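Here's the letter readout for the chains.
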Amino acid sequence: MIATFVNLTRLFRIGRTLARHDALAPILSLSAGDGAGLGLAHRVSRTSVGVRPGVRLAAAFQELGPTFIKLGQAISVRPDLVGDEMAEDLTALQDRLPPFPGAEAKAIIEEQFGAPIRDLFQQFDEQPVAAASIAQVHFAVTTEGQKVAVKVLRPGIEEQFRREIDLLYWLARIAERLRPKLRRLKPVEVVQTFAHTVSLEMDMSFEGAAASELRENFLEDTEFRVPQVDWLRTARRVLTTDRVEGLSIDEVVALKEAGHDVESILARSARVFFTQVFRDGFFHADMHPGNMFVAPDGALVPVDFGIMGRLDRSTRHYLADMLLGFLERDYRRVAEVHFKAGYVPPNKSLEDFMLACRSIGEPIFGKQIHEISIAKLLGQLFRVTEAFEMQMQPQLLLLQKTMLVAEGVGRKLDPSSNMWLLAQPMIEAWMLENRGPEARIREVVDGTVSGVERLPLVMAKTEAVIDMMSDGGLRLHPESLKALNDRSSSRGPGWLFLLALMMFVVGIIVIFNNP
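Source: prediction; values computed, not measured. (Residues numbered from 1 in each chain as written. Predicted model: local features only at pLDDT ≥ 70, side-chain atom pairs only at ≥ 80, totals over all residues. Heavy atoms only, no water.)

## Structural notes on the overall build of the protein chain
Helix and strand content of the protein chain: 23 helices and ten strands. Put simply, the protein chain has 515 residues, and 44% of those count as buried. When contacts within the protein chain are restricted to residue pairs at least 6 apart in sequence, those whose partners lie at least 24 apart make up 66%. Here the protein chain has roughly 27400 Å² of accessible surface; of this, 58% comes from carbon and sulfur atoms. (Helix = DSSP H or I, 4+ residues; strand = E, 2+ residues; numbered from the N terminus. Buried < 20%, exposed > 50% of the residue type's maximum accessible area, 1.4 Å probe, protein only. Contact = heavy atoms within 4.5 Å. Areas by Shrake-Rupley, 256 points an atom, 1.4 Å probe, with all protein chains shown as cover.)

## Digging into the sheet that holds strand β6 (residues 247-248)
In spatial order, the strands read β6-β8-β9; together these three strands make up an open sheet with antiparallel pairing. Looking at which strands have only one partner, the edges of the open sheet turn out to be β6 and β9 (300-302). (Pairing = 2+ DSSP bridges.)

## What about the nonpolar core?
Phe61, Leu90, Leu214, Phe224, Ile249, Leu300 and Leu413 are the most contacted members of the largest nonpolar core, which has 59 residues in total. For this core, the element with the most residues is helix α8 (residues 157-178), which contributes seven residues. Excluding anything up to four places from it in sequence, Leu300 contacts Glu223, Phe224, Arg225, Ile249, Ile265, Arg268, Ser269, Val272, Met292, Phe293 and Val294. Core analysis: the second largest hydrophobic core is formed by 42 residues, Phe273, Val277, Ala375 and Leu381 among them. (Core = buried A, V, L, I, M, F, W, Y, C linked by side-chain atoms within 4.5 Å.)

## Notes on unusual backbone geometry
Phi at Asp304 takes a positive value of approximately 65°, unusual for a residue other than glycine. Examined against the element boundaries, Asp304 turns out to sit in the loop between β9 and β10 (308-310). Take Asp304: its relative accessible area is 23%, and that puts it in the partly exposed class.

## What about the packing of helix α4 (residues 66-75) against helix α9 (residues 187-201)?
Following both chains from N to C, one finds α4 and α9 inclined at 120°, their axes separated by 11 Å at the closest point. The orientation of α4 relative to α9 falls into the category oblique. As for how α4 packs across α9, the hand of that crossing is right-handed. Contact residues: Thr67, Lys70, Leu71 and Ala74 in α4; Phe194, Val198 and Glu201 in α9. Of the residues in the contact of α4 with α9, the class split is four nonpolar, one polar and two charged. (Axes fitted to C-alpha atoms, helices over the stretch in contact; angles between N-to-C directions. Parallel < 35°, antiparallel > 145°, perpendicular 65-115°, else oblique. Left-handed = near helix turned anticlockwise from the far one by under 90°. Nonpolar A, V, L, I, M, F, W, Y, C, P; charged D, E, K, R; others polar.)

## A look at α9
Along its 15 residues, α9 runs 21 Å from first to last C-alpha, staying within 8% of the 21 Å computed at 1.5 Å per residue. Within α9, the full set of buried residues consists of Pro187, Val191, Phe194, Ala195, Val198 and Glu201. In an axial view of α9, the angular spread of the buried residues amounts to 125°, which keeps them on one side of the axis. Of the surrounding secondary structure, the elements contacted by the buried residues of α9 are α4, α8 and α10 (204-217). (Expected span 1.5 Å × (residues − 1). Arc of directions from axis to C-beta.)

## Focus: the packing of aromatic side chains
Enumeration over the complete set of coordinates arrives at seven aromatic pairs. Centroid distance Phe274 to Phe278: 5.1 Å. Interplanar angle 35°. Geometry classified as tilted. Placement of both Phe274 and Phe278 in helix α12 (residues 262-280) is noted, with a separation of four residues, approximately one turn of the helix. We note that Phe274, like Phe278, is buried. Judged by centre distance (4.7 Å) and plane angle (85°), the rings of Tyr318 and Tyr343 are edge-to-face. Here the residue Tyr318 occupies a position in helix α13 (residues 313-327), and Tyr343 occupies one in the loop between α14 (331-341) and α15 (350-361), the gap between them amounting to 25 residues. (Phe/Tyr/Trp six-rings, centres within 6.5 Å; stacked < 30°, edge-to-face > 60°.)

## So, helix α6 (residues 84-91)
Inspection of α6 places Met86, Ala87, Asp89 and Leu90 among the buried residues, and these make up the whole buried set. Across the axial projection of α6, the buried residues extend over an arc of 165°, all falling on one side.

## Notes on the environment of Glu144
Note that Glu144 resides in the loop between β3 (135-142) and β4 (147-153). Its relative accessible area of 59% is what places Glu144 among the exposed residues. Residues Glu144 and Gln122, 22 residues apart in the sequence, show an inter-C-alpha distance of 8.2 Å. Within the structure, the side chain of Glu144 is placed 3.4 Å from the side chain of Thr143, a separation counted as a polar contact. Looking at Glu144, its side chain comes within polar contact range of the side chain of Arg233, at 2.7 Å. (Polar contact = N/O pair within 3.5 Å; in protein donor to acceptor, adjacent residues only side chain to side chain.)

## Remarks on the pattern of salt bridges
Side chains that differ in sign of charge can pair as their charged atoms come close. Summed over the entire model, instances satisfying the criterion amount to 26 salt bridges. As a salt-bridge pair, Arg13 and Glu164 come within 3.5 Å of each other at their nearest N and O atoms. One end of the pair, Arg13, is in helix α1 (residues 2-20); the other, Glu164, is in helix α8, with 151 residues separating them in the sequence. Across the pair Arg237 and Glu158 runs a salt bridge, and its minimum N-O distance is 3.0 Å. Here the residue Arg237 occupies a position in the loop between α10 and β5 (238-242), and Glu158 occupies one in helix α8, the gap between them amounting to 79 residues. With a relative accessible area of 9%, Arg237 lands in the buried category. Residues joined by salt bridges that share partners form a network here, namely Glu159, Arg162, Arg163 and Asp166. (Salt bridge = Lys/Arg side-chain N within 4 Å of Asp/Glu carboxyl O.)

## Overview of the side chain of Asp414
By the element assignment, Asp414 lies in the loop between α17 (394-413) and α18 (419-422). Among buried Asp, Glu, Lys and Arg side chains, Asp414 stands out as unpaired, with Lys256 the closest opposite charge at 7.9 Å. Sequence-distant contacts of Asp414, defined by excluding residues within four places in its chain, comprise Glu263 and Leu266. (Lys, Arg positive; Asp, Glu negative; His and termini not counted.)

Shape descriptors only; they carry no functional weight alone.
If you want it as structure tokens, here you go:
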């Protein structure tokens, strides 16, 4: 009862904020699939006329604070739930909040490491250089003289998130009960995924691990430099990394004035993003301009590793085959890839799905290359496949959002260029190496080699079978013996040889399928 009262009080505060920004319309429109709504869905103030619903909702989430900023960012990767326009508007949510006092940041650091700040840093700037919804960043110098950036979790943020996520669970369950049409949007699952993502993001040691993995992937690359984690000064609520010096990747004028070639930066950015996605299957999924810097020597330097995407090898192969099919206008191949991957149920029509893929691909070929958006192509594909009951793949939605941001940065650097065209030679080389004829042969050879490696096991088990046959014979069920005896009277003793051969073959098959 008390929990319900508390939730209702919080709900009143949230509703008042949404109403003040005329953001009830977009919220209620989600539940008003039949156009009925609650009467409030179409009542907006004069000041909001002409302002897109997603923009109003983003402003309300910004005022509601950390949990809702993160919620809006999470929803922005689900155009299948909220539509393309609203998803695009929510992408613009700025993860910035007023900073908390530097003295509190120092207290958190001292509590985490059980030592006074002077034992960790010879200099610590109390004024933060960036403040977001979950943490803020301070510049410092370690006792060894190393310039670093120290990211500190906001005081009390874990408890605040816990309370508000409890409220979101409560609302999701009520929504499913009162509005059955909303169940297709799976509100409880959306909240569950959101809660899991945020819980990981609020552990600085996890973020440090992600940065460390990305750095290892590019150790030999001089054009992409990931800051090194200072693990001696990293804990659950504190992350310390090398300090980044450079210009934000979207400061085009400043980059040119500093002598950088923006076209080269764009090509480098395309190569790095492609390498993360296809070669490693591990990519930075929050690559807005504020998280990517250009160092004085021209190297790209990312920051903020709280949101990372991961694609397994089969998903990368699916993406490669699908994109290659679109580029070659081979829509049957595109359709077959989706069925083979299990993304589209086998009871659906391959021919109809092939037609749907053609409706997406053909308009592309009438455009200039710099107007083509691979991210939007994926978005259209996800929308079309909904009619074919294709299950949404969260990792692909995250990739699509990241692609949209990357394309936006690319167009700002050079509106006449297309980052995917710049990366085309690398994409073709990767596809040839991993999906071409030689790759298929390698798969067969690898399978043969693994089978050869199991031959000693096959021979050993075969010997055991032979020993068993010579030492009392094989134990068969009485009914099997009777059936065999009945057949032997009419077919002669050849059945024993056939049975032994059959059992030998079956044994090999079982062993090879169960190493």
